[in-house]
Amino acid sequence: VQLQACGGGLVQPGGSLRLSCAVPESLFSGNNLGWYRQAPGKQREWVARITTFGLALYVDGVKGRFSISRDNAKNMVYLQMNSLKPEDTAIYYCNALSGIRVIGYWGQGTEVTVSS
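Residues numbered from 1 in each chain as written. Predicted model: local features only at pLDDT ≥ 70, side-chain atom pairs only at ≥ 80, totals over all residues. Heavy atoms only, no water.

Undergrad: Got a minute to help me understand the nonpolar core in this structure?
TA: General note: in soluble globular proteins, nonpolar side chains tend to be found buried as a group. In terms of nonpolar packing, the biggest core is built from 29 residues, with Trp 35, Val 77, Leu 79, Met 81 and Tyr 92 touching the most fellow members. Elements supplying a minimum of two residues to this core: strand E3 (17–22), helix H1 (25–28), strand E4 (32–38), strand E5 (45–50), strand E7 (66–71), strand E8 (76–81), strand E9 (90–98) and strand E11 (110–114). Of the residues forming this core, the biggest block, four residues, is contributed by E9. (Core = buried A, V, L, I, M, F, W, Y, C linked by side-chain atoms within 4.5 Å. Buried < 20%, exposed > 50% of the residue type's maximum accessible area, 1.4 Å probe, protein only. Helix = DSSP H or I, 4+ residues; strand = E, 2+ residues; numbered from the N terminus.)

Undergrad: How do you make sense of the state of the cysteines when you look at a structure like this?
TA: Defined simply, a disulfide is a covalent bond joining two cysteines at their sulfur atoms. With the rule as written, the count across this model stands at one disulfide. A sulfur-sulfur distance of 1.8 Å marks the disulfide that ties Cys 21 to Cys 94. Across the S-S bond linking Cys 21 and Cys 94, the dihedral sits near 55°, which makes this disulfide right-handed. A residue pair is termed long-range when its members are at least 10 positions apart, and Cys 21 in strand E3 and Cys 94 in strand E9 qualify at 73 residues. On the accessibility criterion, Cys 21 (0% relative accessible area) is buried. With relative accessibility at 2%, the residue Cys 94 sits in the buried group. (Disulfide = S-S within 2.5 Å.)

Undergrad: Got a minute to help me understand the sheet that holds E7 in this structure?
TA: Within a beta sheet, neighbouring strands are joined by backbone hydrogen bonds and run either parallel or antiparallel to one another. Spatial strand order, E1-E3-E8-E7: four strands in an open sheet with antiparallel pairing. Since the sheet does not close on itself, it has two edges, and those belong to strand E1 (4–6) and E7, each with one partner. The sheet shows a mean angle of 20° between the axes of neighbouring strands, direction not considered. (Pairing = 2+ DSSP bridges. Axes fitted to C-alpha atoms, helices over the stretch in contact; angles between N-to-C directions.)

Undergrad: What should I look at first to understand unusual backbone geometry in this one?
TA: Across the chain, the bulk of peptide bonds are trans and the bulk of non-glycine residues have phi less than zero. The backbone of Asn 75 shows a phi angle near 55°, a positive value even though the residue is not glycine. Under the relative-accessibility criterion, Asn 75 is labelled buried at 14%. Non-glycine residue Ser 83 carries a positive phi angle of around 50°. By the element assignment, Ser 83 lies in the loop between E8 and E9. Of the residues examined, Ser 83 reaches a relative accessible area of 41% and is grouped as partly exposed.

Structure below.
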């Protein structure tokens, strides 16, 4: 089952975006959720992860700027991105995790472009 992320767009440096992802019930319950990104010419990388208990972890480059959250009533996961930088430009994906292992199929992602 693919997970579909949305909310991307073109934003100026220093701007903000909020990404959303609807997670199928079969993947949401009891699993960690994560955001990943793939910049042009680079491999996909992990960005943030949130556990079933709400513990959030981030890659060093986004700490203090990005915030991951989950809505257990709506089966949604969000990524609030503030103080965006050009190096944040990428296609962003969400997925469900068993521990740190990705268990869902990758969707098309949502494109974020940070440029003036």
